[in-house]
Amino acid sequence: MPRFLDRATPACIASSLLALAFMTLPACSKKPSGDAAPSATPAPPAVEPKATEPKADAPLKVAFAYVGPVGDAGWTFAHDKARKEAEAAFAGKVKTSFVENVPEAADAERVIRDMVDQGNTLIFGTTFGYMEPMLKVASDNPKVHFEHATGYKTAANLRTYDSRTYEGAYLAGVVAGSMTKSKTLGVVGSIPIPEVIRNIDSFTLGAQSVTPEIKTKVVWVGKWFDPPKEGEAAQALLDQGADVLMQNTDSSAVLQTAEKAGKFAFGWDSDMSKFGPHAHLASAIINWAPYYQKAIKDALDGSWKTGQVWWGVKDGAIDLVSLSDKVPAATKAKIEELKKGLKDGSFTIWKGPIKDQAGKEVLKVDEKGEDKMLLGINFYVKGVEGKLPSGK
Amino acid sequence: MSELVLLLSSSIDSGTPLLLAALGLIINERSGVINLGAEGLMLIAAITGFAVALATKNDALALLAGAAAAAVFSAFFGFLVIWLNANQYATGLALSLFGSGLSAFVGIHYSQESLTVAGHHGLFSHHYLVYLAVLLTLGLSWFLFRSKAGLVLRAVGESPESAQALGYPVRLIRWAAVIAGGALVGLAGAFVSVVSTPLWVEGMIAGKGWIALALTTFATWRPARALLGAYLFGFITMLQLHLQGRGVNLPVELLTALPYLATILVLVLISRNPRWIAANMPTSLGKPFFPGA
Amino acid sequence: MIRLEPRAEPARWLAVFSPLLALGVTVALGVLLFVLLGKDALGCLQMFFVEPIKNARAIAELSIKVTPLLLIGLGLSLCFRSNVWNIGAEGQFILGSIFATWVALRATPDSGAGLVIALLLAGALGGALWASITAVLRDRCNASEILVSLMLVYVAEQLLAYLVNGPWKDPNGYNFPQTITFLASSRIPRLLEGSRANIGVLLALVAAAACWLFMNKSFAGYRLDVAGLSPPAARYAGFSARSALWLPLLLSGALAGLAGALEVAGPDGQLTTHVPLGYGFAAIIVAFVGRLDPIGVTFSSVLMSMFFIGGELSQSRLGLPKSITGVFQGLLLFSLLTCDTFVKNKLRFARAPATPTTPTTPTTPTRGAAAQ
């Protein structure tokens, strides 16, 4: 690269400054619209531009921050579907917007602050990694309500919400147990956080309730969404003898790989039946609509309170849908029965005796797993093969 | 089927896009042009192929469309570096970055779609492109080392000045090589989105273009060695997944890093002898050519 | 017919305006794109060029993005000038954040300023060490630094994942893959109460000045210049080819590592797998658009940061897709490379192909031995 700028540098600086000045002219002439330029004097708390208070009849502005693209057909797609349904349900009273592909960590804070600036008073952050940024923005904006999905830290104006995906995993496991011929199941795992490990365990428990001798193999992709890797991981599991696959990743690649190989798989987060018509057994979906509508209602009628919400089949947040015709009628009936049991509380998935991989008893006979224990699960149950990627 | 046979079979599937891309890059580099934009080309071809497959339900057409799209961008790249003598490395990088952004942009509405997949599996029942890749390897080998046209191409890569003195249109030959090579790279990219994982997602090529670049060096610019390298890399990729499934007592992250560590190792082993590299590498690789007229 | 003829001397005025010309072309193409998408073109331009610098808070946010881009861009311009193609700055960034985390995890609430200094030095050390792997493999084994440094990025990502999933996982973090939130004593001091801007941006500007001095006023910098422009001349003058490889790599590794340390102990405040944001790759564009000169890189890092933030804003405010940022950056680079050709060559309208004359010495730096 030629570098004759050594002598041209002053001219370069001059022309660049000129260009920048030209660009900032419009900014200078604009009146600050609701974003009063904060003074430089240090003044706790943070000098934040005040979000304009919504007038009584102005629609409630609700914003959603998504970690992935709305077209992922999985996690983010499910959130966005619920957002649209909520907006329709509260026609006119609510105006929603979203930002997709917001990276977890540092950049998220800027996006969320901007949402506050834009007048949103109810903000949903749909992934764990937004926890710290949301907490910071929440502490600076006490009048705005924040909802954080899959997190564990709350504040006066920040509550957490999550869905009992493990219930869907268990139900899928029951179907898997009844369909497997090789007695080997495979799970394509995303990131080894408790939720995913809990899902792998619940899937295995469900299958074992039908066929006690099944084994589950696990391969980790390391990301929530990476279709080519997911496909390769699925292929590796199939090559190792698994004939029914489950996933905790967000794309339909696993299902498609099973379809290509003539084996079975499940849809995850959303109904994926169209991606693998022969392979698809059922989809364990998350329906965020009931919760989003409740949260919006709370914000609209002023009854919003902080807390930690964990909804499952009982509250309509989790379901196993689109069961294939290949699934025997007896299994379908059992699934219905289990759903009823979950709804009326007569059935508990995590009820002892349950042993971990090493044979240690983690739940004694008839002992029920408390939420706290479930939230921090860090072990594989007996029947799951492989090592937890915990480095320990 | 025994697990090993299945593993080998999956390795071949995994390695085929790498092979196709490496073959294309070999054509490029044999003429003296290094194209760091392989990743961007593969992404562009992937989204084009996917879009066409969705619209026409015709796999072959989709693969050709992907190859064509990559060829168009390669022609543009070739124009910049061959006719305008832009720096090959910088321009290639620009192509990579641009291809990344453009494919993501164009592909926005395609993330929800999926293609119906045909079933292929087992050691002897692969997609026809897998077999085609092997044939292309043999064909390219023959072309480079046993045909006059191939000799001219290699001459252009070794000493463009001499080739020009002999009356060959060096720049045209290079441009043709860049376009043809780019088409093969595009074919690889389209293969990923139309056959391997019939979906579209941003960045789905995930570094395969860069690995193909490494493979051309590993192969010392010979097609047959590229085949070996591509399948070997595919093997390591699938092996580490198998090892995970078996519960091998190694950190998952180490296993995931294995293919990349292997690439470094291979590069080191291959490059250690500077004379070997010098003997095999096209002498004018990466250098701009001024016809002087 | 139209021919391109190398100029005897690069056109200086064009060299200065080339980046601005490229920017103009990019903006024009951008406006076209917006119009085709049916969006308000002026509004979009405002998102990219006005909003990010509108008020003090916006500028503070901008400075957070500028810091890593500038630091890494400086290092890369040093590398590229010497014909060392360090594509793996992202990996060096990651190692910097890892080393800095090691120091941060040892903080106590009473740790003084010394801890932050140690943290930053550790970051620079980490990045330099990672770059040295590339250097030694290129030096001893002739392995292409492009490919080795790039593969090392993937390895660094896995190393990061291993640490946050295993030994460094926060024991009270419900088993999520992240470290503890760093203690206040190990965070980078803020510039202003209430804004996220920290002293990192000052460090980056100091680094830019230091780089300028190094490149233009020091003998070592001169040696690198010569080595990049003409390796034979460098050899003839007795300049060490080895140091022309190691020095840029170590320096750029250190700068990238420093950026990683600033990022993890600054806006992030803990180590997670989301700390690396691709700055190592974006900085490649920053270096080129800045014409591989520290002053140019300072301006181009500001420009690129505006593109990033503008892209984010246009997504949330105007519904434009996020990938538009990538398209712009690529367009900018392409336009720049095209404009650059006219700096080195001029268009000639010749009537007939001239008889071959002896080729003039090419002004582009040729690669030394073992290219690629």
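Nothing here was measured: the structure is a model prediction, and the numbers come from that model.

J.: How do you make sense of the interface of chain C and chain B when you look at a structure like this?
T.: Note: interface size is frequently given as the accessible area lost on complex formation between the parts. Taken together, the contacts link 49 residues of chain C with 47 residues of chain B. Broken down by secondary-structure element, the contributors of at least two residues to the side of chain C that touches chain B are strand 1 (2-6), helix 5 (113-141), helix 6 (145-165), helix 11 (279-289) and helix 13 (324-344) of chain C. Take the side of chain C that touches chain B: its biggest share by element is 12 residues, from helix 13 of chain C.

J.: I keep staring at helix 8 (residues 219-229) of chain C and nothing clicks. Help me out?
T.: In an α-helix, one full turn covers 3.6 residues, which means residues spaced three or four apart are oriented alike. Residues and elements named next belong to chain C. Of all the residues in helix 8, the buried ones are Leu224, Asp225, Ala227 and Gly228. Taken end-on, helix 8 shows its buried residues confined to a sector of 165 degrees, consistent with a single buried face. Buried residues along helix 8 sit in contact with helix 3 (56-81), helix 9 (231-237) and helix 10 (241-268).

J.: Please clarify how the sheet that holds strand 8 (residues 244-247) of chain A should be interpreted in this entry.
T.: Note: strands within a sheet are paired through backbone hydrogen bonds, in either parallel or antiparallel orientation. Residues and elements named next belong to chain A. Ordered by their spatial adjacency, 7 strands build an open sheet running 12-10-9-8-6-7-15, and the pairing between neighbours is mixed. Two strands in the sheet have a free side with no partner beyond their single neighbour: strand 12 (318-321) and strand 15 (384-385). Summarising the sheet, strand 8 and strand 9 (residues 264-269) pair through 2 bridges and their orientation is parallel. Its bridge partner lying in strand 9, Val244 is registered against Phe264. The strands that helix 8 (residues 253-261) touches are strand 6 (184-189), strand 8, strand 9 and strand 10 (280-286); relative to strand 9, the one it contacts most, it runs at about 165 degrees.

J.: In this structure, what is going on with the sheet that holds strand 11 (residues 308-311) of chain A? I would like to understand it.
T.: All names here are of chain A. The strand order across the open sheet formed by 6 strands is 2-1-3-4-5-11, and the pairing between neighbours is parallel. The open sheet has two edge strands, strand 2 (94-99) and strand 11, and neither has a second partner. On average, each strand axis in the sheet is inclined to that of its neighbour by 20 degrees, with strand direction left out of account. Bridge count for strand 1 (residues 60-65) against strand 2 is 6 bridges, and the pairing is parallel. Across the sheet, residue Ala65 finds its bridge partner in strand 2, namely Val99. The strands that helix 4 (residues 131-140) touches are strand 3 (122-125), strand 4 (145-149) and strand 5 (158-163); relative to strand 4, the one it contacts most, it runs at about 170 degrees.

J.: Can you help me understand the environment of Gly96 of chain C in this one?
T.: Along the chain, Gly96 of chain C turns up in helix 4 (residues 89-104). Apart from residues lying up to four places away in sequence, Gly96 of chain C is in contact with Gly123, Ala124, Gly126, Gly127, Ala256, Gly257, Leu258, Ala259, Gly260 and Ala261 of chain C.

J.: What is the right way to read helix 1 (residues 3-30) of chain B from this model?
T.: Residue and element names in this part refer to chain B. Its 28 residues place the ends of helix 1 39 Å apart at the C-alpha level, agreeing with the 40 Å of an ideal helix rising 1.5 Å per residue. Taken as a whole, helix 1 carries its principal kink of about 35 degrees at Gly15; the proline Pro17 stands between one and four residues after it. Most of helix 1 sits out of view: 24 of its 28 residues are buried. A positive backbone phi angle near 105 degrees is found at Gly32, which sits one or two residues after helix 1.

J.: What is the right way to read the domain arrangement of chain A from this model?
T.: Residue and element names in this part refer to chain A. When cut into domains, chain A gives domain 1 (60-163) and domain 2 (165-285 + 318-385). Placing a centre on the C-alpha atoms of domain 1 and another on those of domain 2 gives a separation of 28 Å. Counting from both sides, the interface comprises 10 residues of domain 1 and, opposite them, 14 residues of domain 2. Tallying contributions element by element places helix 2 (residues 75-89) first for the side of domain 1 that touches domain 2, with 3 residues. In the side of domain 1 that touches domain 2, the residues fall into 5 nonpolar, 4 polar and 1 charged.

J.: Looking at this structure, I do not really get the packing of helix 4 (residues 88-106) of chain B against helix 13 of chain C. What am I missing?
T.: Working note: a packed helix pair is described by the angle between its axes plus the distance between those axes. Their axes nearest at 7 Å, the elements helix 4 of chain B and helix 13 of chain C cross at an angle of 150 degrees. With respect to helix 13 of chain C, the axis of helix 4 of chain B lies roughly antiparallel. Here helix 4 of chain B runs over helix 13 of chain C; the crossing is left-handed. Between helix 4 of chain B and helix 13 of chain C, the contacting residues are Ala90, Thr91, Ala94, Leu97, Phe98, Ser100, Gly101, Leu102, Ala104 and Phe105 of chain B on the first element and Ile324, Gly326, Val327, Gln329, Gly330, Leu331, Leu333, Phe334 and Leu337 of chain C on the second. Residue composition of the contact of helix 4 of chain B with helix 13 of chain C, by class: 13 nonpolar, 6 polar and no charged.

Scoring rules and cut-offs
Residues numbered from 1 in each chain as written. Chains lettered and ligands numbered in written order. Predicted model: local features only at pLDDT ≥ 70, side-chain atom pairs only at ≥ 80, totals over all residues. Contact = placed C-beta atoms within 7 Å. Helix = DSSP H or I, 4+ residues; strand = E, 2+ residues; numbered from the N terminus. Buried ≥ 20, exposed ≤ 12 C-beta atoms within 10 Å, placed from the backbone. Arc of directions from axis to C-beta. Pairing = 2+ DSSP bridges. Axes fitted to C-alpha atoms, helices over the stretch in contact; angles between N-to-C directions. Expected span 1.5 Å × (residues − 1). Bend = angle between axes of the 7 residues up to and from the residue. Domains from an automatic or database assignment. Nonpolar A, V, L, I, M, F, W, Y, C, P; charged D, E, K, R; others polar. Parallel < 35°, antiparallel > 145°, perpendicular 65-115°, else oblique. Left-handed = near helix turned anticlockwise from the far one by under 90°.

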